[in-house]
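Single-letter residue listing:
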Amino acid sequence: MRLALAGVSHHRAPLDVRERVAVDLEGARALARALAAGGGPAHEAVVLSTCNRTELYLAGDDAGVAEHADRALLALAGPGAPALAPAAYRLADESAALHLFRVAAGLDSMVPGEGEILGQVRDAFEAGSPGPLLGRAFRMALRAGRRARVETAIGESPASIPAAAAALAEQVFDGLERRRVVLVGAGRTSESTARNLRSRGATIEVVANRTLDRAARLAEALGGRAAALEALPAALEDADVVVSSTSSAGVVLTHDALAPVLRARRGRPILIVDLAVPRDVDPSLGEIDGCFLYDLDALEGVVAATLEGRRSEAVHAERIVSEEAERFRVWRASLAVVPAIASLRAHAEEIRSAELARLDGRLAEGERDVVDTLTAQIVNKLLHLPTVRLKEAAVTADGLLYADVVRHLFGLEEEDGA
Amino acid sequence: MAELLVWPIVIAYGEAALVYAGELRGHGRYDRLGIWGVRVGWLAQTALLLAQARSADGFPWGTWAGALNLLSWLVVTGYLVWGCRPRYRLVGLAVMPLAACLVVLAWAGGGTALDARGDGWALAVHAGLMLAGLASFTVAAAMAGLYVFEDRRLKRHDAAVLRLRLPSLEALDRLAARATLVGLVLLSAGIAVGLAWLDVNGLDAAMTVAVLIWVVYALALVVRWEAGVRGRRFARLLLAGVLLVLAVLPLTHFAA
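Residues numbered from 1 in each chain as written. Chains lettered and ligands numbered in written order. Predicted model: local features only at pLDDT ≥ 70, side-chain atom pairs only at ≥ 80, totals over all residues.

Turning our eyes to something else, we now look at the interface of chain A and chain B. Taken together, the contact between chain A and chain B spans 26 residues of the former and 21 residues of the latter. Broken down by element, the side of chain A that touches chain B gets its largest block of residues, eight residues, from helix α13 (residues 296–334) of chain A. (Contact = placed C-beta atoms within 7 Å. Helix = DSSP H or I, 4+ residues; strand = E, 2+ residues; numbered from the N terminus.)

Residue and element names in this part refer to chain A. Of all six residues making up strand β6 (residues 203–208), five are buried, and the element is well covered by its neighbours. Direction of pairing for strand β5 (residues 180–184) relative to β6: parallel, over a ladder of five bridges. Pairing of L183 across the sheet is with V207, part of β6. In this fold, the crossover linking β5 to β6 by way of helix α9 (residues 188–199) has right-handed handedness. Where β6 meets strand β7 (residues 225–227), three bridges bridge the pair, whose relative direction is parallel. Pairing of A208 across the sheet is with A227, part of β7. In this fold, β6 hands off to helix α10 (residues 212–222), which returns the chain to β7; that crossover is right-handed. (Buried ≥ 20, exposed ≤ 12 C-beta atoms within 10 Å, placed from the backbone. Pairing = 2+ DSSP bridges. Right-handed = clockwise from strand over helix to strand, strands pointing away.)

So, about the pairing of β5 of chain A. One face of the sheet, then the other: side chains in a regular strand alternate in exactly this way. Residue and element names in this part refer to chain A. Counting buried positions over the five residues of β5 gives four, a clear majority of the element. Of the strand pairs in this sheet, β5 and strand β8 (residues 241–244) are connected by four bridges, and their pairing is parallel. Bridged to V184 within β8 is S244.

On to the confidence of the model for chain A. Across chain A, pLDDT averages 88, with 99% of residues at or above 70. Element-level pLDDT for chain A is lowest in helix α17 (residues 412–417) of chain A, with a mean of 60, against a maximum mean of 95 in strand β2 (residues 44–49) of chain A. (pLDDT = per-residue confidence, 0-100.)

Now for the environment of R310 of chain A. All names here are of chain A. With respect to the helices and strands, R310 occurs in helix α13. Using a count of 25 C-beta atoms within 10 Å as the deciding quantity, one classes R310 as buried. The spacing of R310 and G155 is 155 residues in sequence and 7.1 Å in space, taken between C-alpha atoms.

Attention now moves to α13 of chain A. Between its terminal C-alpha atoms α13 of chain A stretches 55 Å, which fits the 57 Å expected from 39 residues at 1.5 Å a residue. Largest kink in α13 of chain A: about 30°, centred on V315 of chain A. (Expected span 1.5 Å × (residues − 1). Bend = angle between axes of the 7 residues up to and from the residue.)

With 135 residues, the main nonpolar core has V207 of chain A together with V91, V95, M143 and A176 of chain B as its most contacted residues. Ranked by residues supplied to this core, first place goes to helix α5 (residues 121–155) of chain B with 17 residues. Beyond its immediate sequence surroundings of up to four residues, M143 of chain B is in contact with V91, L172, L175, A176 and A179 of chain B. Counting residues in each nonpolar core, the second largest holds 61 residues, with L3, L5, L91 and L98 of chain A among its members. (Core = buried A, V, L, I, M, F, W, Y, C linked by C-beta atoms within 7 Å.)

What follows covers the sheet that holds β5 of chain A. All names here are of chain A. A sheet is described by the order of its strands in space; here six strands give the open sequence β7-β6-β5-β8-β9-β10, paired in parallel fashion. The open sheet has two edge strands with one neighbour each: β7 and β10 (291–295). The average undirected angle you get between the axes of adjacent strands in this sheet is 20°. (Axes fitted to C-alpha atoms, helices over the stretch in contact; angles between N-to-C directions.)

Okay, structure coming up:
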């Protein structure tokens, strides 16, 4: 069985090329079914399509399966095929498996270790038409992906400003459930940070904005209430997290207005995230006990450090992926000797059954059962070591030679031919 | 032979301390080695304490060095309650170096020997409760130390704050308060047993410091509950209090 991969990804293909071959999950399901049952050289197919890649994984007996995968990808692009061809990559057998394992582990992603890809690989696998080879490859890829995330810290650190702000909040508070968030400004940056905090259990309490209409719209979407900027000091008395991102030219949260409110909290922690340029929050507020103020520069520093951490963790994840790829190679190589082992065992069983048949009528029923069990045990014990040795040899260059020797010694080729 | 357990204890605690110190630069990959160091050391120290208890006629940790031995075991026991959870393992950064030093000091003072003189059981209960209370205060101080460390990292915008994850400030504050409350209850019980069952001839230096410790920690909890003093200020109070804890053992045995 041959394994072939044809695909495009963010590494070499710009967005306008990638979107020509992008398909949704239903499209991937239909395409995989068509490729596996289309009468071509492929018997198995899985289509992985995300915003960063579209990859066709095919398996079949024929060497032409690689070409088939290539043609299918170009056909998917339709009239855009000429633009796609230079950006596409083709991999086969162990290289294709290794690539799949790296994809599942997030090592081929734009942000190393990003969490979504493992679920996307699983969805593609479940929607696809895998057989023994692709089934094994995808199961092992999912295992490699899980191991990379469990055994390394590649996916633990936030890789974006909103995620970093939420992670910092979790560093201050013991969980974000029912934490009160105040948004200052109703722009897109505030919204994405608020959504990230809300996804971790925080409650959006107040959306304060110069224009009350915009505040009301965002508040409605996030489940909070709208307020004017003048109402901020009162809102901050009970707030846990403040996210500020207005387009104001000057400081919105001034020291004079907020310092008395923050001091009255007596060290009760509050995280203020200032995402605006120029800054909305007076930096001196960060000196007050219990007030943790992060501006855009500080957050970018945190994200850069965590991305650096992800890259260093990627080295360990690569080791895990290599281990899993080696296991796949060993499994695949063992397939080459499986027919020889099966023939050998069938041959032995045939002899045993024939000899047992010659005793028919000469043994009592109980005695026959004893002889049956005894001979089966002898055959199994005799064949155990040769079977193990054949499987061991299968992963080396001598694997097929061993299989041929076994066939020759036991006359299996005559039987196979007969 | 049991005295030889001292070295496995010191090596295991020292290994844990080194691993946790190394984790300041890492990403939690080796903290399991650290926690295993703690567990192995704790088991060895438990075996040593059991051997001491068996060989002595009465309470074998009445000397200052013996008390240090028992105190370090109690501190590590307190740490193990939280330390097994992945996010709290790095509390060992504060606890394990201290525990290793206490064991070495105990060994130097003869507190790990098997032929320790035994004391009466009234003193045993009193000293056990007092030491357990002091161990709780030490664990609380370790939490407070981590709080101050983490607070400073967040205030200074340390870029690596999310790479080396410590427990959240709120969790450290809460656990420190809880350990303080437990310590205060144990210390109160220890003082009560001492007053009820032991001959008390006036107020000596050790008793004065013990009462002072009780007052300081009781005040810390009162201002926390009544005046809302939490976070960094509460952590600093606990760190000041632990200085008295460290002073009380030498006073008990040298000034008495």
